[in-house]
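Overview (structure and organization)
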Amino acid sequence: MDKIETSAEAAESAALPRCYEVHANPDAKSGPKDLPGQLQKPVATKSSAQWAYERLILYIQNFENTLDADHEVAMGFTGGDAGVMRIEGMGYFDPDIITFYGADGSGARTQLVQHVSQLNVMLRALPKSVEDKPANRIGFRLAADLEEN
């Protein structure tokens with residue numbers, strides 16, 4: 001039996017986010033099919049910055065799930081000579097700014113502040129920074145914070 005919806009329910013359902021991916025390798029880990037509660041809210045209730053931030057967390061967490069114990073997530077930059085940043089934190093400033101905190105290849109403290117319309121992030125695997133410690137998993141902490149708030 002078909003579910004009957006009001007026009008408001010139909011419009012809201014159409015605006016609810018979903019994640020869809022296809023990979024050449026059928027065993028590749030895709031993004032989540034069941035989104036966490038925070039991401040199931042209608043897109044219209046969020047700023048561009050919050051919406052980009054929440055989705056980036058899922059991408060980072062999914063990428064980390066593909067890494068072995070000797071690698072950590074980092075991000076590369078397009079254009080210029082900015083290089084690579086090991087991701088140690090992430091945030092947003094409504095309505096349209098995303099910021100990343102971390103360290104570059106030499107260990108120097110780094111922060112990237114970017115407008116959501118310019119967002120272009122390449123996730124990379126780097127050898128972990130401290131050999132005798134477990135690899136840092138920022139995606140887990142970001143996702144936990146998202147669920148708490």
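Structure's up top.
A brief structural summary. Not measured: the values here are computed from a predicted model.

**Things to note about the overall build of the protein chain**
If you tally the helices and strands in the protein chain, you get three helices and five strands. Along the protein chain, from the amino end to the carboxyl end, the secondary structure elements read α-α-β-β-β-β-β-α. Across the 149 residues of the protein chain, 34% fall into the buried class. Relative to all contacts within the protein chain whose residues are 6 or more apart in sequence, the contacts with residues 24 or more apart total 56%. Accessible area of the protein chain: about 9500 Å², with a carbon and sulfur share of 52%.

**Points about the nonpolar core**
Considering soluble globular proteins, one finds that nonpolar side chains tend to be buried as a cluster. Counting residues in each nonpolar core, the largest one holds 21 residues, and the members touching the most others are Ile 57, Ile 60, Met 90, Ile 98, Phe 100 and Leu 142. Elements supplying a minimum of two residues to this core: helix 2 (48-64), strand 1 (71-76), strand 2 (84-93), strand 3 (97-104) and helix 3 (138-148). Setting aside residues up to four positions removed in sequence, Ile 98 forms contacts with Ala 49, Ala 52, Tyr 53, Leu 56, Gly 91, Tyr 92, Leu 112, Val 113, Gln 114 and Val 116.

**Remarks on the pairing of strand 4 (residues 109-115)**
Pairing of strand 3 with strand 4, which is carried by seven bridges, proceeds in the antiparallel orientation. Bridge pairing in strand 4 places Tyr 101 opposite Gln 111.

**A few points about unusual backbone geometry**
Trans is the common state for peptide bonds, and a negative phi is the common state for residues other than glycine. Between Asp 94 and Pro 95 the backbone carries a cis peptide bond, its omega angle lying at 5 degrees. Structurally, Pro 95 is set in the loop between strand 2 and strand 3.

**Here's the deal with the environment of Val 116**
Relative to the helices and strands, Val 116 resides in the loop between strand 4 and strand 5 (122-127). Apart from the residues within four sequence positions on either side, Val 116 is in contact with Ser 48, Ala 49, Ala 52, Asp 96 and Ile 98.

**Focus on the side chain of Thr 99**
The topology assignment puts Thr 99 in strand 3. Side chain to side chain, Thr 99 and Gln 111 meet in a polar contact 2.8 Å long. Of note is the side chain of Thr 99, whose polar atom sits 3.0 Å from the backbone oxygen of Leu 112. Apart from the residues within four sequence positions on either side, Thr 99 is in contact with Gly 89, Met 90, Gly 91, Gln 111, Leu 112 and Val 113.

**Structural notes on a negative patch on the surface**
On the surface, Asp 68, Asp 70, Glu 131 and Asp 132 cluster together into a patch of negative charge. Turning to its location among the elements, Asp 70 is positioned in the loop between helix 2 and strand 1.

**Overview of the pattern of salt bridges**
Summed over the entire model, instances satisfying the criterion amount to three salt bridges. The shortest N-O distance in the salt bridge between Glu 72 and Arg 86 comes to 2.7 Å. Residue Glu 72 is located in strand 1, and its partner Arg 86 is located in strand 2; the two are separated by 14 residues in the primary sequence. Judged by relative accessible area, which is 4%, Glu 72 ranks as buried. Judged by its relative accessible area of 16%, Arg 86 falls in the buried class. Residue Arg 109 pairs with Glu 88 through a salt bridge whose shortest N-O separation is 2.8 Å. On the criterion of sequence distance, the pair formed by Arg 109 in strand 4 and Glu 88 in strand 2 is long-range, its members being 21 residues apart. Under the relative-accessibility criterion, Arg 109 is labelled exposed at 63%. According to the relative accessible area criterion, Glu 88 is partly exposed, its value standing at 31%.

Thresholds applied
Residues numbered from 1 in each chain as written. Predicted model: local features only at pLDDT ≥ 70, side-chain atom pairs only at ≥ 80, totals over all residues. Heavy atoms only, no water. Helix = DSSP H or I, 4+ residues; strand = E, 2+ residues; numbered from the N terminus. Buried < 20%, exposed > 50% of the residue type's maximum accessible area, 1.4 Å probe, protein only. Contact = heavy atoms within 4.5 Å. Areas by Shrake-Rupley, 256 points an atom, 1.4 Å probe, with all protein chains shown as cover. Core = buried A, V, L, I, M, F, W, Y, C linked by side-chain atoms within 4.5 Å. Pairing = 2+ DSSP bridges. Polar contact = N/O pair within 3.5 Å; in protein donor to acceptor, adjacent residues only side chain to side chain. Patch = residues over 30% accessible without salt bridge, like charges linked within 9 Å, V, L, I, M, F, W, Y side chains within 5 Å. Salt bridge = Lys/Arg side-chain N within 4 Å of Asp/Glu carboxyl O. Lys, Arg positive; Asp, Glu negative; His and termini not counted. Charge placed at Lys NZ, Arg CZ, Asp CG, Glu CD.

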